[in-house]
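Working through the structure, step by step
Single-letter residue listing:
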Amino acid sequence: MSIRLNDDAMRQFRVAKVFQETDEHKLSLDFSPDGRRLLSCDHSALSVFSSTRQTELCQVHMHHYLPEVACFTQQDTRALHSTSKYDFAIRCLDLETRHCVRSFSGHSKSVHRLASQPGNDNVFVSVGRDDQVYVWDFRSSTHIHHMKKLQGPLCAFDPAGLVLATSTDTERIEIHDVRMLGEQPCLKFVYQVNDKAKWTQLQFAPNGKTMLLSTDHSWCFSVSAFDGTFQQSFTGYANQLRQSLDATYTPDSQFILSGADEGRIHIWRAEDGYPVAVLKGNNVGPVRCLRFNPRATMFVSSDLLLAFWMPMANGVYDWVERLPPGETVSFKDEELDEKEVEPLKPPIAMPQPLVDMALIRTRLNRKRTRSQVPIVDLTKQPDKKDTLEEGEITDD
C-alpha cells in the first residue's frame, strides 16, 4: 500500500525528526538514487542519514576543504564534493573508508553545482563560479567535455540521463544530447526576463516534461522541456535577503515545494500554480535547502537544522494497492499533532507570456531546423510578500 499524493495529503505533512549535527548552515542536500540515504553538506562536514530509520549513519569532517555542494554518485557509498580551498578541485569520497578515491581539477573558482548522470555510474557534471561547465568521467583523469562562453550557468540532467540542460544568465536554456556534447545544442530557448530576478536553480520534473527555474526574487516558474514555452509561475513567498532558496518537485511531478523565509515551505500544484498550503516547521531562518525523496513519501528541509517531513500517522489518505509509475512508497513515520488545513487563496495571475524558440530540434535527432517566434517576456512578475494566510501549518 502507498499514499497517493493529492492536495489533502500535501497539507498533512509534519516534521517527524530534527537534527543539528553542526553549527553551520546547510549548503546542499541530496538523496541517493534509491532514496534510502540522504547526504547533507556544510562548510564543516558531510553527514549521511538513513531515510528509512531517520538516523545519522556517519559524518566526515571537512574543515580543510570547506565544501559548498555535495552529491551522491550512482553508488550510494560514494559522494562528490566541491572544495573552496587550494585548487578548487572536486573530490570523490568513499563514505565507508572516508578516503578520497580521486580528485578532478580544472575549475579556477569554487564549484557550486554538481550532478551525476542518471543511469550512468561514471559521468557527472560540475558548474563553477568561473562560469565554466565541465563534464567528467571517473575512468578519465581529465574532463571529457568543457562548455565555455556561459554566464552564471546552471545545469541539470533529465531523469533518463539522455540530455543535459544548461542556462546562461536569465536569457537562454540549451538542451544537449549527452552523446553529442561536442556538437551544437539540440534545442535552444531564448527568454526576455527581468534582470533583477537571477536564476538560481534549474531542474527537470521527474516525468521529464517540464523544467523548473528558481530565482532570488520570491518566485519560480516552469517551462516545457520540449519547446521552452512558459507553463506556470509559483509565487507568494518571502525571500527578503535574495538568497538562493531551493525548490523541488514531488516524485509524481504533481506538486512543487519551495523554501521561504522564517522556516516556511510553500506548496503549489505544478499544473495550474494553485497554492495548496504553507507549512511551518522547526526551521527558524530561510529554508535554503529542500529535497523530496525520489522513492518515498517524505522530504527534508534545512537551515541550521535538518528536518525530516512525513505525512501524519493518523491522517486520512487515498491509498493505492500497487505502485503506479510516478507514485511513491511510504516509510513508517512518527505520530504528530493533527491540524485541519484549508487551501490558500489563489495568487495574482501572471500575464501569459509569449514564447521565443530560437532553435528547434527533437531531443535526440541530429537534424536541426531554425525558426523565429516572439520572445518570452517574464518581466511583469508580481512581487508578493509572505504573510500568514488561512491554511498555514505551524508547529508553534
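Our structure is the block above this text.
Structure report, in brief. Predicted, not measured: the structure shown is a model, and the values here were computed from it.

Rules used in this analysis
Residues numbered from 1 in each chain as written. Predicted model: local features only at pLDDT ≥ 70, side-chain atom pairs only at ≥ 80, totals over all residues. Heavy atoms only, no water. Helix = DSSP H or I, 4+ residues; strand = E, 2+ residues; numbered from the N terminus. Polar contact = N/O pair within 3.5 Å; in protein donor to acceptor, adjacent residues only side chain to side chain. Contact = heavy atoms within 4.5 Å. Pairing = 2+ DSSP bridges. Axes fitted to C-alpha atoms, helices over the stretch in contact; angles between N-to-C directions. Phe/Tyr/Trp six-rings, centres within 6.5 Å; stacked < 30°, edge-to-face > 60°. Lys NZ or Arg CZ within 6 Å of the ring centre and 35° of its normal. Salt bridge = Lys/Arg side-chain N within 4 Å of Asp/Glu carboxyl O. Buried < 20%, exposed > 50% of the residue type's maximum accessible area, 1.4 Å probe, protein only. Core = buried A, V, L, I, M, F, W, Y, C linked by side-chain atoms within 4.5 Å. Disulfide = S-S within 2.5 Å.

In this section: the side chain of His-107. Note that His-107 resides in the loop between strand E10 (99–104) and strand E11 (111–116). Side chain to side chain, His-107 and Ser-126 meet in a polar contact 2.8 Å long. A distance of 3.2 Å separates polar atoms of two side chains, one belonging to His-107 and the other to Asp-130. Residues within four places of His-107 in sequence aside, it is in contact with Asp-87, Phe-88, Ile-90, Ser-126, Val-127, Gly-128, Asp-130, Gln-132 and Tyr-134.

Two strands in a sheet stick together by hydrogen bonds in their backbones, pointing the same way (parallel) or opposite ways (antiparallel). As summarised here, the arrangement of the four strands in space is E3-E4-E5-E6, forming an open sheet in which the pairing is antiparallel. If you trace the sheet from one side to the other, it starts and ends with strand E3 (28–31) and strand E6 (55–61), each paired once. Adjacent strand axes in the sheet meet at a mean angle of 15 degrees when their direction is disregarded. Both strand E5 (residues 45–50) and E6 contribute to a ladder of six bridges, which runs antiparallel. Paired with Phe-49 across the bridge in E6 is Glu-56.

Here the structure, examined in full by the defined rule, presents 20 aromatic pairs. In textbook terms, an aromatic cluster arises when at least three aromatic residues are bridged by ring pairs, as seen for Phe-104, Phe-124, Tyr-134, Trp-136 and Phe-138. Between the NZ or CZ atom of Arg-91 and the centre of the ring of Tyr-65, over which it lies, the distance is 3.9 Å.

One pass over the full model with this rule turns up twelve salt bridges. The salt bridge involving Asp-8 is made with Arg-11; its shortest N-O contact spans 2.8 Å. Taken together, the residues span about one helical turn, with Asp-8 and Arg-11 both in helix H1 (residues 7–11) at a distance of three residues. Using a relative accessible area of 47% as the deciding quantity, one classes Asp-8 as partly exposed. On the basis of relative accessibility, which here comes to 7%, the residue Arg-11 falls in the buried class. With its nearest N and O atoms 3.3 Å apart, the salt bridge here joins Arg-179 to Asp-177. You can call Arg-179 exposed: its relative accessible area is 61%. The structure contains a network of salt bridges with shared partners spanning Asp-7, Asp-8, Arg-11, Arg-269 and Asp-272.

Neither face of strand E28 (residues 299–302) is left uncovered, since the one carrying Phe-299 and Ser-301 and the one carrying Val-300 and Ser-302 both have all their residues buried. In the sheet, strand E27 (residues 289–292) pairs with E28 via four bridges, with the strands oriented antiparallel. Considered in E28, the bridge of Leu-290 is made with Ser-301. Linkage of E27 to E28, two consecutive antiparallel strands, is achieved through a turn of six residues. Where E28 lies against strand E29 (residues 306–311), four bridges are found, and the strand directions are antiparallel. In the strand pairing of E29, Phe-299 is matched with Trp-309. Connecting E28 to the antiparallel partner E29 that follows it, the hairpin turn spans three residues.

So, on to the nonpolar core. Among the nonpolar cores identified, the biggest contains 21 residues, and Ile-173, Ile-175, Phe-204 and Met-211 are the most heavily contacted of them. Every element with two or more residues in this core is listed here: strand E15 (154–157), strand E16 (163–168), strand E17 (172–177), strand E18 (187–192), strand E19 (199–204), strand E20 (210–215) and strand E21 (219–224). Other than its neighbours up to four places away in sequence, Ile-175 contacts Val-163, Leu-164, Ala-165, Pro-185, Cys-186, Leu-187, Phe-189, Phe-204 and Met-211. In terms of nonpolar packing, the next biggest core, distinct from the first, is built from 17 residues, Leu-5, Leu-279, Val-287 and Leu-290 among them.

Tracing the sequence through the fold places Val-163 in strand E16. For Val-163, a relative accessible area of 1% corresponds to the buried category. The sequence separation of Val-163 and Val-178 amounts to 15 residues, and the corresponding C-alpha distance is 5.2 Å.

It is worth spelling out the state of the cysteines at this point. By definition, a disulfide links two cysteine residues through a covalent bond between their sulfur atoms. Tallying each qualifying case throughout the model produces zero disulfides. The thiol of Cys-71 is unpaired, and the distance to the nearest cysteine sulfur, on Cys-92, comes to 9.4 Å. Classification of Cys-71 as buried rests on a relative accessible area of 5%.

Turning to the sheet that holds E10, a few remarks are in order. Reading across from one edge, E7-E8-E9-E10 is the order of the four strands in this open sheet, with antiparallel pairing throughout. With partners counted over all chains shown, the strands left at the sheet margins are strand E7 (70–72) and E10, one partner each. For this sheet, the mean inter-axis angle between neighbouring strands, taken without regard to orientation, is 25 degrees. Direction of pairing for strand E8 (residues 78–81) relative to strand E9 (residues 90–94): antiparallel, over a ladder of four bridges. Note on E9: the bridge partner recorded for Arg-78 is Asp-94.

In the sheet, E9 pairs with E10 via five bridges, with the strands oriented antiparallel. Each residue of the ladder has a partner; that of Asp-94, found in E10, is His-99. Connecting E9 to the antiparallel partner E10 that follows it, the hairpin turn spans four residues, and Arg-98 within it adopts a positive phi of roughly 60 degrees.

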